[in-house]
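One-letter residues, chain by chain:
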Amino acid sequence: MALDLLDLLPEEWRALMRPHLDPDIVATLNAFVEQEYAEQTVYPPLPDLFTAFRLCSPEQVKVLILGQDPYHKAGQAHGLSFSVQPGVRVPPSLANVYKELREDLGVESTKGWGGDLTRWAADGVLLLNAVLTVREAKPGSHANKGWEHFTDAAIKAVDGLSHRVVFMLWGSYARKKAVLVTNAEHVVLEAGHPSPMNPRGFLGSKPFSQADKALADAGITPVRWAGPT
């Protein structure tokens, strides 16, 4: 049976995203992704492809954090932007995210769970990458194959939600997606990318406290950013 990406999406997300999707682009993407998984080593593993959507339903979304590309080394990517599987060394960009979290809120998020951001996802953080698959050791290899159209549809679906959502757009690529957020109820927080190769623009941007305030102002319980103590 041919791969149908929409069939793999949770039903609630499928219903919200379908109006924003071009069937021809999705069909081309289906064929490309199916062939890549069949012939190449691709991350994340197919069962983890839509982890972000499974863990965070539309009604649960409080914050959307947009990444660009999955990690391309074995054992890292598991369907959540910036996150790595349990036991994997925390990547440099995520280390800077944690550093900013400590500076911003005075909390330690890594204790007991390393770089696995599953807890954030389950508490309402949609950890979305713009491109959802990648060949092993070839970053950007699945860009411009249709994923951007697919994930833009997810952003538009979130934009259509009636409750407030905070969009965290880090880096020039993610910040371009701000034009997709048209609902005045939502809040967009832009900053530089947390990569250590970006010497300024992220550290000191205080995205977590700003997100907490924006959610609280809308009567929404802030995200539990801190890990177990």
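What you see is a predicted model; the values in this text were computed from it and never measured.

I would appreciate a short explanation of the overall build of the protein chain in the present structure.
Across its full length, the protein chain holds nine helices and six strands. A globule of 229 residues ought to have a C-alpha radius of gyration of about 17 Å, and the protein chain, at 17 Å, matches this closely. In the protein chain, buried positions account for 51% of the 229 residues. Expressed as a percentage of contacts within the protein chain between residues at least 6 apart in sequence, the contacts between residues at least 24 apart total 69%. Element-wise, carbon and sulfur atoms account for 51% of the exposed surface of the protein chain, whose accessible area totals about 10,600 Å². Within the protein chain, the 26 negative side-chain charges are centred at a point lying 7 Å from the centre of the 22 positive side-chain charges.

I would appreciate a short explanation of the pattern of salt bridges in the present structure.
If the charged atoms of two oppositely charged side chains come close together, the side chains can form a pair. This model, assessed by the stated rule, comprises seven salt bridges. Of the charged contacts, one joins Lys-62 and Asp-123 as a salt bridge, the two residues approaching to 3.9 Å between their closest N and O atoms. Highlighted residues: Lys-62 in the loop between α4 (51-55) and β2 (63-67) and Asp-123 in the loop between α6 (118-122) and β3 (125-129), separated in sequence by 61 residues. For Lys-62, a relative accessible area of 12% puts it in the buried group. Classification of Asp-123 as buried rests on a relative accessible area of 9%. For Arg-164, the salt bridge goes to Glu-185, with nearest N and O atoms at 3.5 Å. With Arg-164 in the loop between α7 (147-159) and β5 (166-170) and Glu-185 in the loop between α8 (172-175) and β6 (187-191), this pair connects stretches of sequence that are 21 residues apart.

Any chance you could explain the pairing of β5 here in plain terms?
The side chains of a regular strand alternate between the sheet's two faces. Among the five residues of β5, five are classified as buried, and the element is accordingly described as predominantly covered. With burial as the criterion, each face of β5 is covered, one bearing Val-166, Met-168 and Trp-170 and the other bearing Phe-167 and Leu-169. Here β2 runs beside β5; their pairing, made up of four bridges, is parallel. Bridged to Leu-64 within β5 is Phe-167. Strand direction decides the pairing type here: β5 and β6, joined by five bridges, are parallel. Of the residues in β6, the one forming a bridge with Met-168 is Leu-189.

Teacher, can you tell me more about the environment of Ser-172 here?
When you line up the elements, Ser-172 lands in helix α8. Here Ser-172 falls in the exposed class, since its relative accessible area comes to 58%.

Looking at this structure, how should I read the pairing of β2?
For β2, the tally of buried residues reaches five of five residues, placing the bulk of the element in the interior. Burial of the side chains of β2 extends over both faces: Val-63, Ile-65 and Gly-67 are buried on one face and Leu-64 and Leu-66 on the other.

Looking at this model, I keep getting lost on helix α3 (residues 23-39). Mind explaining?
A turn of α-helix holds 3.6 residues, and therefore any two residues three or four places apart point the same way. Given a rise of 1.5 Å per residue, 17 residues ought to cover 24 Å, and the 24 Å separating the end C-alpha atoms of α3 matches this to within 8%. Buried within α3 we find Val-26, Leu-29, Asn-30, Phe-32, Val-33, Glu-36 and Tyr-37. For α3, the capping residue at the N-terminal end is Asp-22, with a side-chain oxygen 2.8 Å from the backbone nitrogen of Asp-24.

Please clarify how the side chain of Ser-195 should be interpreted in this entry.
Mapped onto the elements of the fold, Ser-195 is located in the loop between β6 and α9 (207-217). Taking the relative accessible area as the measure of exposure, Ser-195 reaches 17% and is therefore buried. Once residues within four sequence positions are removed from consideration, Ser-195 is found in contact with Ser-93 and Asn-96.

Criteria and thresholds
Residues numbered from 1 in each chain as written. Predicted model: local features only at pLDDT ≥ 70, side-chain atom pairs only at ≥ 80, totals over all residues. Heavy atoms only, no water. Helix = DSSP H or I, 4+ residues; strand = E, 2+ residues; numbered from the N terminus. Rg over C-alpha atoms; globule rule 2.2 N^0.38 Å. Buried < 20%, exposed > 50% of the residue type's maximum accessible area, 1.4 Å probe, protein only. Contact = heavy atoms within 4.5 Å. Areas by Shrake-Rupley, 256 points an atom, 1.4 Å probe, with all protein chains shown as cover. Lys, Arg positive; Asp, Glu negative; His and termini not counted. Charge placed at Lys NZ, Arg CZ, Asp CG, Glu CD. Salt bridge = Lys/Arg side-chain N within 4 Å of Asp/Glu carboxyl O. Pairing = 2+ DSSP bridges. Expected span 1.5 Å × (residues − 1). Polar contact = N/O pair within 3.5 Å; in protein donor to acceptor, adjacent residues only side chain to side chain.

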